[in-house]
Each structure stands twice: as structure tokens, then as C-alpha cells.
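# Remarks on the overall topology
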Amino acid sequence: MKRLLVLLLAGLLLGCAGVDVNHYARQKPTLDLPSYFNGTIDAWGVFQKRNGEVARRFKVEMRCSWVGDTGTLDERFVYDDGETQRRVWTLTRQADGSWQGRADDVQGVAVGRVAGNALHWTYTLKLPVDGTVYEVAFDDWMWLLDEQTMFNRSTLSKFGVNLGEVSLFFRKRS
């Protein structure tokens, strides 16, 4: 019985490991962050609660620029209820090819890796909800679909409990 329990527990833990970004290393088109996140990008998205219900819809206009290996992504959100929000990311390429991101509402540093057409970010966001700020873990995946279009899916969790997902499409202006 103990042996069976150990095998089941090991299987559960391995199932939670997730996909490594290198799984996408051969996928095309190849994502180059300074090339894609340059100029103006529009995005449309939804937040879904863990039961799948769409709780919020939003549009984002991003103004992106680079100086060397440091980029600024100025995001301006407009939600379906009229609320607006702004987040300014500073992205910096690291010597090992990974990326670090900072924003005022990010706790510490976001860490990202790119392989093939994919970017995988992990970070903690200070998320305001009804007058209280919660620190929520984001597991953020982006896939470049073509030279103009990117899909983004993020899972949000607190203490390992799934809170919901954010899905959005980015479209780079010509």
C-alpha cells in the first residue's frame, strides 16, 4: 500500500512540472523580443475565473522602445467597466540570454526565457481587488504566431491555488 501511495504521489508531482520553454526551440517564427516589442502593439484579452467564467474583458495599447538590450513597454489598459490602468515594464537581456522585467506593481523581478517562438515569464504581481492589494503568482506564456501576432496565456495562483487565467492576443501595428 505504501509503495502504491508513493508511486501515485510521484506521478502527481511529475505531472505538475509543466513544459520547459526549450520544448519550443524549433518552433517558427523565432521570437526576438526587441524586434517584436518595438513600436505600437494592440492587445485584447479576458480574465477567466478558475471555473471558466469570463470576469473581465480589456484592451491594451502598448508603446514599446529599446536602447541596446533594455526595452520599455508602456502598457495602457482599458477594461470593459471603464477602469483604466497603466503598467510600464523595463526589460533587460541578461548575459545568459534570459530576460529580467521590472514594473512598479511587480514584486521583485520577473524572470523570462525565450526559445523558438515562445517566451515563458514567472513573476509576482501586486493585484488590487476591491481596495486590497494581493500578491499573485503569474505563470505567463507567450507564443509568436506570425510576424504581427502573438498569443499570451497566464495562470494566476496564490499559495499554489489556481485563481484563474488571462488570455490575450497581441497585434503589432504595421
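Refer to the structure above for everything that follows.
Below you will find a few notes about this structure.

## Some thoughts on the packing of aromatic side chains
- Following the criterion strictly, the structure yields 14 aromatic pairs and no others.
- For the ring pair Trp-66 and Trp-99, a centre distance of 5.6 Å and an interplane angle of 80° mean the geometry is edge-to-face. Here Trp-66, found in strand E2 (residues 54-67), pairs with Trp-99, found in strand E5 (residues 99-102); they are 33 residues apart in sequence, far enough to count as distant. Residue Trp-66 shares its accessibility class with Trp-99, and that shared class is buried.
- A centroid spacing of 5.3 Å and a plane angle of 80° characterise the contact between Trp-89 and Tyr-123, whose relative ring orientation is edge-to-face. With Trp-89 in strand E4 (residues 84-93) and Tyr-123 in strand E7 (residues 118-129), the pair connects residues that are 34 residues apart, well separated along the chain. Judged on exposure class, the residue Trp-89 and its partner Tyr-123 are both buried.
- Among the aromatic residues, those joined into a ring-pair cluster are Tyr-24, Trp-141, Trp-143, Phe-151 and Phe-169.
- For Lys-158, the ring lying beneath its charged end belongs to Phe-159, and the centroid distance is 4.8 Å.

## As for the pairing of strand E3 (residues 70-79)
- Inspection of the sheet shows E2 paired to E3 by 10 bridges, in the antiparallel sense. Within E3, the position partnered with Glu-61 by the bridge is Arg-76.
- Strand direction decides the pairing type here: E3 and E4, joined by nine bridges, are antiparallel. Bridge pairing in E4 places Val-78 opposite Thr-84.
- Counting the residues that bridge the hairpin from E3 to E4 gives four residues, and of these Gly-82 lies at a positive phi of roughly 95°.

## Focus: the pattern of salt bridges
- Here the structure, examined in full by the defined rule, presents 16 salt bridges.
- As a salt-bridge pair, Arg-93 and Asp-69 come within 3.3 Å of each other at their nearest N and O atoms. Here Arg-93 is found in strand E4, whereas its partner Asp-69 is found in the loop between E2 and E3, with 24 residues between them in sequence.
- Where Asp-74 meets Arg-76, a salt bridge forms, and the shortest distance between an N and an O atom there is 3.0 Å.
- Asp-74 sits in the buried class, given a relative accessible area of 10%.
- Salt bridges here are not isolated pairs; linked through shared partners, they connect Asp-42, Lys-59, Glu-61, Arg-63 and Arg-173.

## Some words on the environment of Asp-146
- In this structure, Asp-146 sits in the loop between strand E8 (132-144) and strand E9 (149-158).
- Assessed through its relative accessible area of 34%, Asp-146 is described here as partly exposed.
- For the pair formed by Asp-146 and Ser-35, sequence separation is 111 residues and the distance between their alpha carbons is 13 Å.
- When near neighbours in sequence (up to four residues on either side) are disregarded, Asp-146 contacts Pro-29 and Arg-171.
- Reaching out from Asp-146, the side chain makes a polar contact with the backbone nitrogen of Gln-148 at a distance of 2.8 Å.
- Here the side chain of Asp-146 touches Thr-149 through a polar contact of 2.8 Å, landing on its backbone nitrogen.

About the thresholds
Along each chain, numbering runs from 1 in the same order as the chain's sequence is written. The predicted nature of this model means local features are confined to residues of pLDDT at least 70 and side-chain atom pairs, given and counted, to a pLDDT of 80 or more, with totals for whole chains, interfaces and linings taken over all residues. For the side-chain quantities, the full set of heavy atoms in the structure was used; hydrogens and water were omitted. Planes of paired rings set the category: under 30 degrees apart is stacked, over 60 is edge-to-face and the rest tilted, where pairs are Phe, Tyr or Trp rings (Trp by its six-membered ring) whose centres lie within 6.5 Å. A run of DSSP states H or I qualifies as a helix once it reaches four residues; a run of E qualifies as a strand once it reaches two. Both are numbered from the N-terminal end. Residue burial is assigned from relative accessible area. The probe radius is 1.4 Å, only protein chains are included, and a residue is buried under 20% of its type maximum, exposed over 50%, and partly exposed in between. Two thresholds decide whether a charge sits over a ring: the Lys NZ or Arg CZ must be within 6 Å of the ring centre and within 35 degrees of the ring normal. In this scheme, strands are said to pair when DSSP sees at least two bridges between them. Any carboxyl oxygen of Asp or Glu within 4 Å of a side-chain nitrogen of Lys or Arg constitutes a salt bridge here. Contacts are assigned to residue pairs with any non-hydrogen atoms lying within 4.5 Å of each other. Polar contact is the term for a pair of N or O atoms within 3.5 Å; when the atoms are in protein, one must be able to donate a hydrogen and the other to accept it, and sequence-neighboring residues count only if both atoms are side-chain atoms.

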